[in-house]
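Chain residues, written in single-letter form:
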Amino acid sequence: MGLPPQQADKIFNAFFTTKTHGTGMGLRISRSIIESHGGRLWAADNSPRGATFQFTLPAATSRPIYNLPNCSHIGQAARSSRVGPSGTSTQNLKR
């Protein structure tokens, strides 16, 4: 059957499916993830059987994708607290 031309533009839309029990979210989610990393996802007809899906991702970026806040205080907080027998955190208090 391949990928009919009238469906090629629709297959990445949310909730579009050709399956009886499909949700139509798999390709939309896949494309969203790939695009969020600077890539591209597309499909091509592979008649007579199905479609070929291809994607690209950048090899490297010149800047970080995620900017994390300064978390240097986390190490100190972890060293100065303990987990008690009930699973609750208790602070080490200097007496």
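Residues numbered from 1 in each chain as written. Predicted model: local features only at pLDDT ≥ 70, side-chain atom pairs only at ≥ 80, totals over all residues. Heavy atoms only, no water.

**Things to note about the pairing of strand β2 (residues 51-56)**
Definition in use: Two strands are said to pair when DSSP picks up at least two bridges between them. The way it works is that DSSP assigns letters per residue, a run of H or I at least four long becomes a helix, a run of E at least two long becomes a strand, and they are numbered from the N terminus.
Bridging between strand β1 (residues 40-45) and β2 involves six bridges; their strand directions are antiparallel. Looking across to β2, one finds that Trp 42 is bridged to Gln 54. The antiparallel hairpin formed by β1 and β2 contains five residues in its connecting segment, where Gly 50 sits at a positive phi of about 80°.

**Regarding the pattern of salt bridges**
Side chains bearing opposite charge may pair, as long as their charged atoms lie close to each other. Definition in use: The salt bridge criterion pairs a side-chain nitrogen of Lys or Arg with a carboxyl oxygen of Asp or Glu, the two atoms within 4 Å.
Summed over all chains, the structure comprises one salt bridge. Residue Glu 35 is joined to Arg 31 by a salt bridge in which the shortest nitrogen-to-oxygen separation is 3.9 Å. Of the two residues, Glu 35 and Arg 31 are both situated in helix α2 (residues 26-36); the distance of four residues between them amounts to about one turn of the helix.

**A word on the confidence of the model for the protein**
The predicted coordinates ought not to be read in detail in places where the model reports low pLDDT. Applicable threshold: Confidence scores per residue from the predictor, reported as pLDDT, run from 0 to 100. Here, residues are in contact when the closest pair of their heavy atoms is within 4.5 Å.
Summary statistics for the protein give a mean pLDDT of 74 and a share of 62% for residues scoring 70 or more. Below a pLDDT of 50 lies the segment residues 76-95, which in the model reaches 13 contacts outside its immediate sequence neighbourhood of four places, other chains included.

**A few points about the layout of surface pockets**
We apply this condition: Note on definitions: the grid is 1 Å and covers protein atoms alone; a cavity is a set of points where a 1.4 Å probe fits but cannot get out; a pocket is an open set with protein on both sides within 12 Å along at least five of seven lines; lining residues have an atom within 4 Å of a point. Grid points are joined across faces, edges and corners, and a volume is the space filled by probe spheres set on the points. As a working rule, the residues Ala, Val, Leu, Ile, Met, Phe, Trp, Tyr, Cys and Pro are called nonpolar, Asp, Glu, Lys and Arg charged, and the rest polar, with Gly in that last group.
Taken as a whole, the largest pocket holds about 360 Å³ of empty space. The wall of the largest pocket is formed by 20 residues, among which Ile 11, Thr 17, Thr 18, Lys 19 and Leu 27 lie closest to the centre. Elements supplying a minimum of two residues to the lining of the largest pocket: α2 and β2. Of the residues in the lining of the largest pocket, the class split is nine nonpolar, nine polar and two charged.

**Quick notes on the nonpolar core**
Which entries qualify depends on this criterion: By convention a nonpolar core is built from buried Ala, Val, Leu, Ile, Met, Phe, Trp, Tyr and Cys residues, the set being connected through side-chain atoms within 4.5 Å. Under the scheme applied here, a residue whose accessible area is under 20% of the maximum for its type counts as buried, over 50% as exposed, and between as partly exposed, the area being computed with a 1.4 Å probe on protein chains only.
Ranked by size, the top nonpolar core spans five residues in total: Leu 3, Ile 11, Phe 12, Ile 34 and Leu 41. Not counting chain neighbours up to four residues away, the residues in contact with Phe 12 comprise Leu 27, Arg 28, Arg 31, Leu 41, Trp 42, Ala 43 and Phe 53.

**Digging into the side chain of Gln 7**
When you line up the elements, Gln 7 lands in helix α1 (residues 5-8). With residues near it in sequence (within four places) discarded, Gln 7 still touches Phe 16 and Thr 18.

**Let's talk about the packing of aromatic side chains**
To keep things clear, this is the line we draw: Stacked, tilted and edge-to-face pairs are distinguished by plane angle, under 30 degrees for stacked and over 60 for edge-to-face with tilted covering the rest, among Phe, Tyr and Trp rings (Trp via its six-membered ring) whose centres lie within 6.5 Å.
Scanning all chains against the criterion turns up one aromatic pair. A centroid spacing of 6.4 Å and a plane angle of 80° characterise the contact between Phe 12 and Phe 53, whose relative ring orientation is edge-to-face. Of this pair, Phe 12 sits in the loop between α1 and α2 while Phe 53 sits in strand β2; the two residues are 41 residues apart in sequence, bridging distant segments of the chain. Take Phe 12: its relative accessible area is 6%, and that puts it in the buried class.

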